[in-house]
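# A look at the structure
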Amino acid sequence: MHPSAAQPLTVADILSRMRERWVLALTPVVLGLAATTAYTLLTPPVYVSTASVVVQPLLAEQFGNINLSSVINMSTESQLAGSSAVPAKAGEKLALTADAVRSPLSIDSPPGTQVLNIRYRATTPAGAAAGAQTVAESYLAYREGSAQADADRRLVSIADQIDTVNARIADGGGQTS
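Core analysis: the biggest nonpolar cluster contains 18 residues, and Leu116, Ile118, Val135 and Tyr139 have the highest contact counts within it. For this core, the leading source of residues is helix H6 (residues 125-172), giving four residues. Excluding anything up to four places from it in sequence, Leu116 contacts Ala51, Ser52, Val53, Val55, Met74, Glu77, Ser78, Ala81, Ile107, Asp108, Ser109 and Tyr139.

Have a look at this one:
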């Protein structure tokens, strides 16, 4: 064995060095605890509230006897609920911009369901609940407005068809083709 060769360290050697340099060994632990405590105390709490909405077809009778879950694309409904129109409508009620509503908002739909889970984050429980509820109500109002516009278009189309048939009856003496 060479006289300059290093001796292997034993557990006793390591423990004795740690006892000699206890401040150096304990410093990272104390700093880690201090940083964790500061983060915990200084970070504001975040509350999350969820509003669940069951999405049903607007005009079920037009589809006949089929599985209605195939009529509604929940991915599209989820995107619609998070699009600019719904957060803008909710922002009007919450006195926020659409971007300020969209930022703490998350929307998902469990697979195989017709349910939208609308989650809203805020620094107070009341703010989180109000945000989730307002976005859910705004989504439903948006869908209602879209359904009403569709119904109005259908009524105009039907009225036009009735006028056309009535004109043909008046012109042709009741003969229709």
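Another aspect to go through is the sheet that holds strand S3 (residues 115-122). Two modes of strand pairing occur in sheets, parallel and antiparallel, and in both the strands are linked by backbone hydrogen bonds. The antiparallel open sheet is built from three strands, whose spatial order is S1-S3-S2. Strands with a single pairing partner mark the edges of an open sheet, and in this sheet they are strand S1 (47-54) and strand S2 (105-108). Between one strand and the next, the sheet's axes are offset by a mean angle of 20°, whatever the strand orientation. Direction of pairing for S1 relative to S3: antiparallel, over a ladder of eight bridges. By the bridge assignment, Ser52 is partnered in S3 with Asn117. Relative to S1, H6 is tilted by about 25°, and along the sheet it contacts S1, S2 and S3.

Moving on: a nonpolar patch on the surface. A contiguous nonpolar surface patch, about 600 Å² in accessible area, is contributed by Trp22, Val23, Leu26, Val29, Val30 and Leu33. Following the sequence through the fold, Val30 ends up in helix H2 (residues 22-42). Residue classification places Val30 among the partly exposed residues on the basis of a relative accessible area of 47%.

With that out of the way, let us pick up unusual backbone geometry. If you check the backbone angles, Ala95 has positive phi at about 60° while not being a glycine. Among the secondary structure elements, Ala95 is positioned in the loop between helix H4 (85-94) and helix H5 (98-102).

About the criteria used
- Residues numbered from 1 in each chain as written.
- Predicted model: local features only at pLDDT ≥ 70, side-chain atom pairs only at ≥ 80, totals over all residues.
- Heavy atoms only, no water.
- Core = buried A, V, L, I, M, F, W, Y, C linked by side-chain atoms within 4.5 Å.
- Buried < 20%, exposed > 50% of the residue type's maximum accessible area, 1.4 Å probe, protein only.
- Helix = DSSP H or I, 4+ residues; strand = E, 2+ residues; numbered from the N terminus.
- Contact = heavy atoms within 4.5 Å.
- Pairing = 2+ DSSP bridges.
- Axes fitted to C-alpha atoms, helices over the stretch in contact; angles between N-to-C directions.
- Patch = residues over 30% accessible without salt bridge, like charges linked within 9 Å, V, L, I, M, F, W, Y side chains within 5 Å.
- Areas by Shrake-Rupley, 256 points an atom, 1.4 Å probe, with all protein chains shown as cover.
- Salt bridge = Lys/Arg side-chain N within 4 Å of Asp/Glu carboxyl O.

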